[in-house]
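# Survey of secondary and tertiary structure
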Amino acid sequence: MTSPNDSNKDTNNEHNDTDKQSSDKQNSLLAGIIERATKSGLGRKKLNPSAVESAVAKNMAKISNPTKLRLAFLGGGSFGTAMANLAARNGCDTTLWVRNKRTVKAMAKTQTNKKYLPGHKLDDRLKYSHDLAAAVKDKDIVFIAVPGLAFRETLKNIAPFISGQSIVSLTKGMEKDTFALMSDIIKEELPEVNFGVMSGPNLAIEIMKNMPSATVIASESEPLRHAVQAALHSAFFRVFASDDVKGVELGGALKNIYAIAMGMAAAYEVGENTKAMILTRALAEMSRFGVEAGANPLTFLGLSGVGDLYATCNSELSRNFRIGNMLGRGMNIDAAVKKLGQTAEGVNTIQQVHEKATREGIYMPITHALYAVIYEDKAALGVALHLMEAGFRSDVEFVMAHDHSNAALTAHMKSSASKTADKDSDKDK
């Protein structure tokens with residue numbers, strides 16, 4: 001006679017056997033690819049992305065067959081398009097919404113985004129729409145990839161059609177004049193929705209070229225994190241998870257400031273020492289500001305922090321880097337933005353962070369220096385020299401105690417400027 005306990009044991013054993021089989025299949029996935037690569041000589045020759053991707057997809061199909069997710073991506077810029085294309089390739093029911101009807105027709109006909117991703121064919125299964133209601137209704141997740149200036153308006157427009165969908169922000173930056181991050185705007189406009197934010201070193205063109213990349217989905221909801229991972233994770237795009245929404249989002253917003261600084265430095269043809277100094281001091285500023293805002297400082301050591309900072313500061317594909325480079329070559333901010341022809345979130349972020357840091361006494365010398373150059377028409381070289389003279393802090397943030405006062409920095413810079421002026425006056429005499 002079998003007792004209930006015996007029955008439970010048998011059931012548990014069956015579950016364990018099933019889990020073990022699934023785990024074994026997953027573990028054999030990488031081993032199988034490595035073996036295949038070794039036999040074919042891929043380890044010694046240039047990697048064939050299509051061959052590896054096909055092998056991964058074939059093996060993943062054996063492991064599981066998840067329910068098809070219904071997704072909407074709002075915004076036809078480079079990143080929104082790249083993510084929508086990735087989701088469609090993964091078999092998700094994916095619709096890309098673009099405001100302009102003519103653009104939608106052109107994308108559907110040519111299967112390309114000629115303005116932002118020219119020359120890159122989009123997946124046959126990707127759908128297109130200019131009808132916002134139709135794009136959003138009955139979806140599982142709505143990804144928003146519009147510029148920061150249009151983020152709140154977009155949420156207001158989709159509010160009547162929200163009936164349980166989760167919202168994920170792909171937009172990096174802060175709202176002008178309010179210092180609101182995109183997650184703050186979501187909570188204000190759609191207080192009942194489940195939401196998350198996604199950020200990382202994600203240059204869209206590289207993703208379209210199947211260059212290995214990764215991102216971070218941050219949400220307090222574990223099911224939402226898993227759903228986004230299922231929708232976007234692929235052979236060449238890894239999706240990591242975090243519950244530090246504030247930290248991940250701030251990393252994506254603040255790094256744009258320092259991409260502008262690096263673009264300016266590149267215009268002056270600085271050396272590798274200078275670039276390394278800018279990157280590390282930028283990371284210190286980001287983590288310092290993040291902690292004051294309630295973020296975990298360790299988040300800034302991950303993909304959404306130092307990873308995104310490095311990619312954005314070292315690539316001419318970065319819009320903010322290009323803006324900084326134009327500024328460094330003598331162009332004013334209005335002319336640079338016009339020539340770029342796209343949104344560079346860092347320009348607004350510099351103003352927002354400068355004002356908040358000044359008001360709350362957060363030590364942000366690079367940000368203040370950029371503000372002086374862009375908005376106060378100060379000479380970039382002069383500001384940089386004063387910045388170098390004011391560097392009397394410990395190297396690694398949170399290790400040694402030091403003065404966090406912006407007033408101390410300002411006083412030192414004024415003192416240095418005064419001494420320089422006195423020396424020049426003495427020479428004239």
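Everything below is about the structure printed above this text.
Attention in this report is confined to the structure presented alongside it. (Residues numbered from 1 in each chain as written. Predicted model: local features only at pLDDT ≥ 70, side-chain atom pairs only at ≥ 80, totals over all residues. Heavy atoms only, no water.)

### Remarks on the packing of aromatic side chains
In total, this model carries 3 aromatic pairs according to the counting rule given. For the pair F73 and F143, a centre-to-centre distance of 4.4 Å together with 5° between the ring planes defines the contact as stacked. In this pair, F73 is assigned in strand β1 (residues 70-74) and F143 in strand β4 (residues 141-144), connecting sequence segments 70 residues apart. A centroid spacing of 5.7 Å and a plane angle of 65° characterise the contact between F179 and F289, whose relative ring orientation is edge-to-face. (Phe/Tyr/Trp six-rings, centres within 6.5 Å; stacked < 30°, edge-to-face > 60°. Helix = DSSP H or I, 4+ residues; strand = E, 2+ residues; numbered from the N terminus.)

### Some details on the nonpolar core
Most often, soluble globular proteins keep nonpolar side chains buried together rather than apart. With 47 residues, the main nonpolar core has Y258, I260 and I323 as its most contacted residues. When residues of this core are traced back to their parent elements, those giving at least two are α10 (245-267), α11 (272-292), α12 (303-313), α13 (319-328), α14 (333-340), α15 (345-360), α16 (365-375) and α17 (380-389). At 11 residues, α10 tops the list of elements feeding residues into this core. Those residues in contact with I323 that lie beyond four places of it in its chain are I260, I333, A336, V337, L340, A344 and V347. By size, the runner-up hydrophobic cluster in this structure holds 36 residues, among which are M83, M107, L170 and A231. (Core = buried A, V, L, I, M, F, W, Y, C linked by side-chain atoms within 4.5 Å. Buried < 20%, exposed > 50% of the residue type's maximum accessible area, 1.4 Å probe, protein only. Contact = heavy atoms within 4.5 Å.)

### Brief notes about empty space enclosed by the protein
This model, assessed by the stated rule, comprises 1 cavity of 30 Å³ or more. Roughly 60 Å³ of internal volume is contained in the largest cavity. Every residue lining the largest cavity is listed: S169, T171, K172, G173, V197, M198, S199, V248, E249, G252 and A253. Those elements that provide at least two residues to the lining of the largest cavity are β6 (195-199) and α10. Looking at the lining of the largest cavity element by element, the count peaks at 4 residues for α10. Residue composition of the lining of the largest cavity, grouped by class: 4 nonpolar, 5 polar and 2 charged. (1 Å grid on protein atoms, 1.4 Å probe; cavity = no way out; pocket = protein on both sides within 12 Å on 5 of 7 lines; lining within 4 Å. Points joined across faces, edges and corners; volume = space filled by probe spheres on them. Nonpolar A, V, L, I, M, F, W, Y, C, P; charged D, E, K, R; others polar.)

### Some points on unusual backbone geometry
A positive phi angle, close to 60°, is found at F179, a residue other than glycine. One can find F179 in the loop between β5 (166-169) and α7 (182-189). Of note in the backbone geometry, E269 takes a positive phi value of approximately 55° without being a glycine. With respect to the element layout, E269 can be found in the loop between α10 and α11.

### Some thoughts on the packing of α10 against α16
Contact pair α10 / α16: the axes reach a minimum separation of 10 Å and the direction vectors enclose 65°. Both α10 and α16 take part in a crossing whose hand is left-handed. Contact residues: I257, Y258, I260, A261 and M264 in α10; I366, T367, L370, V373 and I374 in α16. Here the residues of the contact of α10 with α16 sort into 9 nonpolar, 1 polar and no charged. (Axes fitted to C-alpha atoms, helices over the stretch in contact; angles between N-to-C directions. Left-handed = near helix turned anticlockwise from the far one by under 90°.)

### A short note on the pattern of salt bridges
Enumeration over the complete set of coordinates arrives at 14 salt bridges. A salt bridge links E189 to K156, with the shortest nitrogen-to-oxygen separation between them at 3.3 Å. Taken together, the positions of E189 in helix α7 and K156 in helix α6 (residues 151-158) put the pair 33 residues apart, joining distant regions of the chain. With relative accessibility at 47%, the residue K156 sits in the partly exposed group. The closest approach of N and O atoms between K275 and E272, which form a salt bridge, is 3.4 Å. Linking K275 with E272, this pair stays in helix α11, spanning 3 residues, or about one helical turn. On the basis of relative accessibility, which here comes to 26%, the residue K275 falls in the partly exposed class. (Salt bridge = Lys/Arg side-chain N within 4 Å of Asp/Glu carboxyl O.)

### Concerning the pairing of β5
Burial along β5 is two-sided: the residues S166 and V168 and I167 and S169 are all buried. The handedness of the β4 to β5 crossover, carried by α6, is right-handed. For the handedness criterion, the β-α-β arrangement of β5, α7 and β6 is classed as right-handed. (Right-handed = clockwise from strand over helix to strand, strands pointing away.)

### Things to note about the layout of surface pockets
As a volume, the second largest pocket reaches approximately 1,100 Å³. Around the second largest pocket, the lining is made up of 42 residues, and of these G77, S78, F79, R319 and Q342 lie nearest the centre. Contributions of two or more residues to the lining of the second largest pocket are made by α3 (78-89), α4 (101-110), α8 (204-208), α10, α12 and α13. Looking at side-chain class alone, the lining of the second largest pocket contains 15 nonpolar, 18 polar and 9 charged residues.

### Some thoughts on the side chain of S166
Positionally, S166 belongs in strand β5. Residues in contact with S166, not counting those within four places in the same chain, are D140, I141, V142, N194 and L224.

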